Amino acid sequence: MFLDRVKIWVRAGDGGDGAATFRKEAHVPRGGPDGGDGGRGGSVYLRVDPGQTTLRDFQYKHHFKATPGGRGERARRHGDDLLLDVPPGTAVLDEASGGLLADLVATGQQAMVARGGRGGLGNTHFKTATHQAPKHAQKGEPGEEHWLRLELRLIADIGLVGLPNAGKSTLLAAVTAARPKIADYPFTTLEPNLGVMDLGDDDERRPTIADVPGLIEGASSGAGLGHAFLRHIERTRVLVHVVDGSSRDPEWDHEVIREELGAHDPALLEKPMLVVFNKLDLSSARDRWPAFARARRAEGGEAMGIAAATGEGLDAFRARVAELLPSAEELKAPPEPAGVVVHHIDSMIERDRDGAFRVRGKRIERIAAQTNFDVEESAERFQRDLERMGIDAELRRVGVEPGDLVRIGGSELEWEPTPWEDA
Ligand code: GDP
Ligand code: MG
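Throughout, residues of each chain are indexed from 1 in the direction in which the sequence is written. As a convention, the first chain written is A and the first ligand written is 1, with the rest following in written order. With pLDDT at 70 or above as the cut-off, local features in this predicted model cover only qualifying residues; side-chain atom pairs require 80 or more to be listed or tallied, and sums for whole chains, interfaces and linings still use all residues. Processing note: side-chain calculations cover all non-hydrogen atoms of the structure and skip hydrogens and water entirely.

Brief notes about the overall build of the chain
Stage number 1. The secondary structure listing takes helices from DSSP runs of H or I that are at least 4 residues long and strands from runs of E that are at least 2 residues long, numbered from the N terminus. Within the chain, the secondary structure is distributed over nine helices and 19 strands.
Stage number 2. Across the 423 residues of the chain, 50% fall into the buried class.
Stage number 3. The contact definition used throughout considers only heavy atoms, calling two residues in contact when any of these lie within 4.5 Å. Taking the intrachain contacts of the chain between residues at least 6 apart in sequence as the baseline, contacts between residues at least 24 apart amount to 71%.
Stage number 4. Accessible areas in this description were obtained via Shrake-Rupley with a 1.4 Å probe; residue shielding takes into account the shown protein chains only. For the chain, the exposed surface amounts to about 20900 Å²; the carbon and sulfur share of it is 49%. The buried label goes to any residue with under 20% of its type's maximum accessible area, the exposed label to any with over 50%, and the partly exposed label to all in between, with areas taken from a 1.4 Å probe on protein chains only.

Concerning the sheet that holds strand β7 (residues 110–114)
Stage number 1. A pair of strands is labelled paired if DSSP reports no fewer than 2 bridges between them. Strands sit in the order β4-β2-β7 across an open sheet of three strands; the sheet is mixed. Where the open sheet ends on each side, the last strands, each with one partner, are β4 (82–86) and β7. On average, each strand axis in the sheet is inclined to that of its neighbour by 30°, with strand direction left out of account.
Stage number 2. As paired strands, strand β2 (residues 44–48) and β4 are joined by five bridges and run parallel to one another. Counted as the bridge partner of V48 is V86 from β4. Each axis is a line fitted through C-alpha atoms, taken for helices only over the stretch in contact, and angles between the N-to-C directions span 0 to 180 degrees.

Side note on unusual backbone geometry
Stage number 1. Positive phi is not limited to glycine here, since N165 has a value of about 80°.
Stage number 2. Structurally, N165 is set in the loop between β9 (158–161) and α1 (168–175).
Stage number 3. Even without a glycine there, the phi angle at K279 is positive, about 70°.
Stage number 4. With respect to the helices, strands and loops of the structure, K279 is situated in the loop between β13 (273–278) and α4 (283–298).

Observations concerning helix α5 (residues 314–324)
Stage number 1. All of the buried residues along α5 are L314, F317, R318, V321, A322 and L324. Projection of α5 onto a plane perpendicular to its axis shows the buried side chains occupying an angular sector of 165°, all on one side. Exposed positions of α5 whose direction lies more than 90 degrees from the buried face are D315 and E323.
Stage number 2. Check the buried side of α5 and you find it contacts β9, α1, β12 (238–244), β13 and β14 (303–305). Summarising the geometry, the arc corresponds to the directions from the helix axis toward the C-beta atoms.

Some thoughts on the confidence of the model for the chain
The predicted coordinates of low-pLDDT regions are not to be read in fine detail.
Stage number 1. Averaged over the chain, the pLDDT score is 82; the fraction of residues at 70 or greater is 83%.
Stage number 2. A low-confidence stretch, residues 184–190 stays under pLDDT 50, and its non-local contacts, those more than four residues away or across chains, total nine contacts.
Stage number 3. Low confidence marks residues 336–345, where pLDDT is under 50. Its contacts with residues over four positions away, or in another chain, come to 40 contacts. Think of pLDDT as the predictor's per-residue confidence, scored from 0 to 100.

So, the pairing of strand β16 (residues 348–351)
Stage number 1. The pairing of β16 with strand β17 (residues 357–360) spans four bridges and is antiparallel. Each residue of the ladder has a partner; that of E350, found in β17, is R358.
Stage number 2. Between the antiparallel neighbours β16 and β17 lie five residues, among them G355 with a positive phi of about 95°.

Observations concerning the nonpolar core
Stage number 1. Residues grouped as a nonpolar core are buried Ala, Val, Leu, Ile, Met, Phe, Trp, Tyr and Cys residues, joined through side-chain atoms within 4.5 Å. Counting residues in each nonpolar core, the largest one holds 24 residues, and the members touching the most others are I158, L171, M197, V240, V276 and F317.
Stage number 2. Sorting the residues of this core by element identifies β9, α1, β12, β13 and α5 as the ones contributing at least two each.
Stage number 3. Here the element with the most residues in this core is α5; it accounts for five residues.
Stage number 4. Once residues within four sequence positions are removed from consideration, V276 is found in contact with L171, V240, H241, V242, V243, M304, I306 and F317.

Some details on the packing of α1 against α5
Stage number 1. Contact geometry for α1 and α5: axes closest at 11 Å, N-to-C directions at 85°. Classified by the angle between their axes, α1 and α5 sit roughly perpendicular to one another. In this structure, α1 contributes L171, A174 and V175 to the contact, and α5 contributes L314, F317 and R318.
Stage number 2. Any residue outside Ala, Val, Leu, Ile, Met, Phe, Trp, Tyr, Cys, Pro, Asp, Glu, Lys and Arg is labelled polar, Gly included; the first ten of those are nonpolar and the last four are charged. Its residues assigned to classes, the contact of α1 with α5 comprises five nonpolar, no polar and one charged. When describing relative orientation, an angle under 35 degrees is termed roughly parallel and one over 145 degrees roughly antiparallel, while 65 to 115 degrees is termed roughly perpendicular and anything else oblique.

Thoughts on helix α8 (residues 376–388)
Stage number 1. A helix's residues, less one, multiplied by 1.5 Å, set its expected span. Here α8 contains 13 residues, and its C-alpha end-to-end distance of 18 Å stays within 8% of the 18 Å for a straight helix at 1.5 Å per residue.
Stage number 2. All of the buried residues along α8 are F382, Q383, D385 and L386. Each buried residue of α8 lies within a common arc of 155° when the element is viewed along its axis, so the set occupies one face. In α8, those exposed residues whose orientation departs by more than 90 degrees from the buried face are E376, E377 and R381.
Stage number 3. Lining the buried residues of α8 we find α7 (362–369), α9 (391–397), β18 (405–408) and β19 (411–414).

Structural notes on the pattern of salt bridges
Stage number 1. Whenever Lys or Arg places a side-chain nitrogen within 4 Å of a carboxyl oxygen from Asp or Glu, that contact is recorded as a salt bridge. For the coordinates displayed, the defined rule picks out 23 salt bridges.
Stage number 2. With its nearest N and O atoms 3.0 Å apart, the salt bridge here joins R118 to E141. Of the two residues, R118 is situated in the loop between β7 and β8 (145–152) and E141 in the loop between β7 and β8; the sequence distance between them amounts to 23 residues.
Stage number 3. Classification of R118 by relative accessible area gives partly exposed; the value is 40%.
Stage number 4. For E141, a relative accessible area of 29% gives the class partly exposed.
Stage number 5. Between D352 and R407 there is a salt bridge; the shortest N-O distance is 2.7 Å. A residue pair is termed long-range when its members are at least 10 positions apart, and D352 in the loop between β16 and β17 and R407 in strand β18 qualify at 55 residues.
Stage number 6. Overlapping salt bridges, with partners in common, bring together D352, D354, R358, R407 and E412 in one network.

A few points about the pairing of β18
Stage number 1. Summarising the sheet, β17 and β18 pair through three bridges and their orientation is parallel. Looking at the pairing, F357 lines up with V406 of β18.
Stage number 2. Sheet analysis places β18 next to β19, joined by four bridges and oriented antiparallel. If you follow V406 over to β19, its bridge partner there is L413.

Below is the structure:
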């Protein structure tokens, strides 16, 4: 059975309680405080396992818990992290809000989905000049828990891009058995529509083709929903750019999409790209087709005229796609994504185009904005916040090295390892 959508509950371990104990000394009723800190609770991670292709593992078991941290009376013991394997292409969504938390694509990528609670501080921390025998010790922090939805988004071989209304869904329906909504409002389709393309009887390849919705002007800068979907086309092998030949200015439409693709990742423009000039059944499109085709040839590109709605030109379209696709063996190997993308439950780390790490997250951006990095104590405090929020660990996980540039909101920092030990 192909399982591509599940709901799971994850619970991180609670932090252990700090201890409020005292040294035993002869003749002294009570020695100094010696209560140790509680251990950190284990966190829950999702990790990509390239050997998996469906979410079958989650069919019957839906509850997952990491272990709690030990209490401060004993040697500090951290809880064990829980690692759950998911197939490449798994999107992790917050069940309550529907928000995308992580998009796990590449082998080895992992995302923390429930953070273990911090251990409570033992009473040794609360001793002061005037208060020599504190009985206060902190309790451990509870571990996070969440309901998550896992959705497997197939990684398509062919991506359809183009402005809304160009005819992408119509083309998908014409060349596959998929039945996407036609002419739906561009913001209503939140998931790419997928179909399997039939290349002909003597072709064993069964490439998947995806209609990538919401690619609009400004999408690459996060203006529209297109932003998330541009990630899906990073993984395609061939791009089909659908242009509405009957629009006011097909040449401009074509340019807008190219700029969007290039702004998101210049490598997208290097992929095999087939431009299809659609709606040739309409006279307004037919009149413009020769000039449009000439312009593409002049650029060294290629374009085909089709009418997705009537089937005109679709045999030639299938034949050309068949030529552009790699061999059957290559199609079976998982494609490599363009970059490391690890969203975090409340912050996420991306790579800027110049290689710098970018940390996104409302809270951490606000704290960064309120930090005066010229004051050492303030900078140190900020570094502790990074650590507390798990961002420091996340940065290490995605491979940050001393001296690398890290951007948070409007601040640019050079990353250096924490000068103190990780608790
Ligand atoms: P999408 O937003 O790119 O997915 O576009 P749709 O596939 O939803 O199509 C938008 C509109 O264009 C719909 O009303 C389609 O019926 C129409 N359409 C798509 N292809 C053709 C075509 O080849 N000829 C004509 N005349 N209309 C088309
Ligand atoms: Mg559509």
